[in-house]
Amino acid sequence: MLINLNIVNAVVKDISMPARYGQETSSLKLRKALYHFPPKLMRGLAKRIFLKYFIYDFNMASLYLLLGLPMFVISTCIGIVEWLDSFMSGTPKSAGTIMIIALPIIISFQMLLQAVQIDIGSVPRKR
């Protein structure tokens with residue numbers, strides 16, 4: 001519900017309520033919750049990002065995500081392959097090779113951090 005409220009920019013207010021339990025026991029199983037909840041939360045996050053930044057609005061966070069996410073994944077994969085090649089062969093890579101891989105990782109990570117900052121800054125506030 002909170003994900004859908006964020007998508008439509010609804011203002012949500014936290015209200016503290018004391019928990020009152022009688023003699024009943026909880027049916028919540030920790031292992032079951034840890035197994036089922038994170039995938040649902042990730043699907044909700046992907047849905048929120050897609051709808052909020054690519055369907056309803058297109059802003060700088062959308063651009064940072066479009067450029068930063070693929071560049072980060074590809075550069076990291078290439079870096080891992082190069083590291084494994086260097087490790088298996090026993091020969092170190094040149095500084096140029098390392099920088100060609102490190103620079104896109106750093107730039108794309110900064111883009112993703114900026115997208116997160118824009119997302120945090122766009123939380124609706126009560127007027």
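See above for the structure.
Residues numbered from 1 in each chain as written. Predicted model: local features only at pLDDT ≥ 70, side-chain atom pairs only at ≥ 80, totals over all residues. Heavy atoms only, no water.

**A closer look at the overall build of the chain**
Turning to step 1, where the next piece is worked out: Across its full length, the chain carries four helices and zero strands.
Turning to step 2, where the next piece is worked out: When its helices and strands are written in sequence order, the chain yields α-α-α-α.
Turning to step 3, where the next piece is worked out: With respect to the principal axes defined by its C-alpha atoms, the chain has extents near 65 × 40 × 20 Å.
Turning to step 4, where the next piece is worked out: Burial statistics for the chain: of 127 residues in total, 16% are counted as buried.
Turning to step 5, where the next piece is worked out: Partitioning the intrachain contacts of the chain with sequence separation of at least 6 by distance along the chain shows that 72% fall at a separation of at least 24.
Turning to step 6, where the next piece is worked out: Distance between charge centres in the chain, computed from 14 positive and 6 negative side chains, equals 12 Å. (Helix = DSSP H or I, 4+ residues; strand = E, 2+ residues; numbered from the N terminus. Buried < 20%, exposed > 50% of the residue type's maximum accessible area, 1.4 Å probe, protein only. Contact = heavy atoms within 4.5 Å. Lys, Arg positive; Asp, Glu negative; His and termini not counted. Charge placed at Lys NZ, Arg CZ, Asp CG, Glu CD.)

**What about helix α4 (residues 95-121)?**
Turning to step 1, where the next piece is worked out: The end-to-end C-alpha distance of α4, which contains 27 residues, comes to 38 Å, matching closely the 39 Å that a straight helix rising 1.5 Å per residue would cover.
Turning to step 2, where the next piece is worked out: By the burial criterion, the buried members of α4 are I101, P104, S108, M111, L112, A115 and D119. (Expected span 1.5 Å × (residues − 1).)

**With respect to unusual backbone geometry**
Turning to step 1, where the next piece is worked out: One non-glycine residue, N9, adopts positive backbone phi at about 60°.
Turning to step 2, where the next piece is worked out: For N9, the position within the fold is in the loop between α1 (2-7) and α2 (30-55).
Turning to step 3, where the next piece is worked out: Here N9 falls in the partly exposed class, since its relative accessible area comes to 44%.

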